[in-house]
Amino acid sequence: MDTVDRRTILATGALALAGAAATSSAEAQAGPKAIFPVGTTTIPIVGETDVFPVRRIYCIGRNYAAHAREMGSDPNREPPFFFQKPTDAIQNVAIGTVADHPYPSLTKNYHYEVELVAALKSGGSNISPEAALEHVYGYALGLDMTRRDLQRAMGDEKKPWEIGKSFDRSAVLGPIHPAAKIGHFTKGAISLAVNGNVKQNSNLQNMIWSVAEQIAKLSEAFELKAGDIIYSGTPENVGPVVKGDLLLCKIEGLPDMSIKIV
Ligand code: MN
């Protein structure tokens, strides 16, 4: 049996060598193979067949003064801050559809936050506000869905927010619109309605930090790279949803985005 096994091993080795010789140099340079596949997260791009690959999801907190006040902080003294969601937390929502969005586990106070999202095609560290928009590939309409009760409870205990902000499907997102086609957003109406009743209603020019300033500030803390997306914060009047609710999100200049809580 030893002989047979050794022959088998030798034969397998010979086949492996033959296989290795047949692979291209590019594949040989790829290094060890992953032991199982892990999905990549992508976002559709309007007007393109190619998709936008996501590296990281950054979110900015309290970037509208009125929202900062409703969350119990003073926007004049407390600067906006950043947190992250896991890359695979994205739920893509196609234009003209109503996506089913499952009410998540553990929460009894599930909130919407409508936001403008910027998608980066390049990055760097210590980017100046003047150069920041050169790194933006495009924009999308997003929802930073939040388990408000868990976020607040963790905040009260001075623990991380993860469970309130960084869960599955918490980053709802429409497709990306290339800035080359639609330009950059410094103003424009932003709103959210639940079952036809407008709840959030503001203007992008009310953001405390502009998208360019967000990129500049973020790049002081993190080296930004292509594939990073930034949720730019929500205006005031965040609130709860229940199963069956229909959410309609609008940003002037972008197609609407809609989800149903199921
Ligand atoms: Mn938010």
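Residues numbered from 1 in each chain as written. Predicted model: local features only at pLDDT ≥ 70, side-chain atom pairs only at ≥ 80, totals over all residues.

A.B. asks: Talk me through the overall build of the protein; I want residue IDs and the actual numbers.
C.D. replies: Helix and strand counts for the protein stand at eight helices and 18 strands. Burial status across the protein gives 33% buried among its 262 residues. In the protein, of all internal contacts separated by at least 6 residues, the share reaching a separation of at least 24 is 73%. (Helix = DSSP H or I, 4+ residues; strand = E, 2+ residues; numbered from the N terminus. Buried ≥ 20, exposed ≤ 12 C-beta atoms within 10 Å, placed from the backbone. Contact = placed C-beta atoms within 7 Å.)

A.B. asks: Give me the lowdown on the sheet that holds strand E10 (residues 146-147), citing residues and values where you can.
C.D. replies: Strand order across the open sheet formed by three strands is E10-E7-E16, with antiparallel pairing between neighbours. Unpaired on one side and paired on the other, E10 and strand E16 (239-241) mark the two borders of the sheet. Examined bridge by bridge, strand E7 (residues 110-112) and E16 share three bridges and lie antiparallel to one another. When the sheet's bridge partners are listed, tyrosine 112 is paired in E16 with glycine 239. (Pairing = 2+ DSSP bridges.)

A.B. asks: Help me get a handle on the environment of asparagine 126, residues and values and all.
C.D. replies: Examined against the element boundaries, asparagine 126 turns out to sit in the loop between strand E8 (114-120) and helix H4 (129-132). We classify asparagine 126 as exposed; it has 8 C-beta atoms within 10 Å. The spacing of asparagine 126 and serine 219 is 93 residues in sequence and 5.1 Å in space, taken between C-alpha atoms.

A.B. asks: Give me the lowdown on the pairing of strand E17 (residues 246-251), citing residues and values where you can.
C.D. replies: With five bridges joining them, strand E13 (residues 189-194) and E17 adopt antiparallel strand pairing. Counted as the bridge partner of isoleucine 190 is isoleucine 251 from E17. Relative to strand E18 (residues 257-261), E17 runs antiparallel, the two being bridged by four bridges. Looking at the pairing, cysteine 249 lines up with methionine 257 of E18.

A.B. asks: Give a detailed account of unusual backbone geometry, specifying residues and quantitative values.
C.D. replies: For asparagine 126, which is not glycine, the phi dihedral falls at a positive 50°. Backbone geometry places arginine 169, a non-glycine residue, at a positive phi of 65°.

A.B. asks: Kindly report on the sheet that holds E13, identifying the contributing residues and their values.
C.D. replies: Taking strand neighbours across the sheet as the criterion, the five strands line up as E6-E18-E17-E13-E14 in an open arrangement whose pairing is mixed. Here the strands that pair on one side only, and so sit at the sheet edges, are strand E6 (98-101) and strand E14 (197-203). Each strand of the sheet is rotated relative to its neighbour by a mean of 20°, with strand direction disregarded. When E6 meets E18, the two strands line up parallel, connected through four bridges. (Axes fitted to C-alpha atoms, helices over the stretch in contact; angles between N-to-C directions.)

A.B. asks: Which residues make up the confidence of the model for the protein, and what values go with them?
C.D. replies: Averaged over every residue, the pLDDT of the protein is 89; the share at 70 or more is 87%. Note that residues 1-24 has pLDDT below 50 and, in this model, one contact with residues that lie over four places away or in other chains. (pLDDT = per-residue confidence, 0-100.)

A.B. asks: Requested: an account of helix H8 (residues 211-221), with residues and values cited.
C.D. replies: Listing the buried residues of H8 in full gives Val211, Ala212, Gln214, Ile215, Leu218 and Ser219. Down the axis of H8, the buried set is contained in an arc of 160°. They therefore lie on one face. With respect to the buried face of H8, the exposed residues turned more than 90 degrees away are Glu220 and Ala221. The elements touched by buried residues of H8 are strand E3 (57-61), strand E4 (81-85), E8, H4, strand E9 (136-144) and strand E15 (229-231). (Arc of directions from axis to C-beta.)

A.B. asks: Outline the environment of arginine 148, listing residues and values.
C.D. replies: Checked against the element boundaries, arginine 148 lands in helix H5 (residues 148-156). Through-space distance from the C-alpha of arginine 148 to that of threonine 107 is 7.7 Å; in sequence the pair is 41 residues apart. Dropping the residues within four chain positions of it, arginine 148 is found in contact with Asn109, His111 and Gly164.

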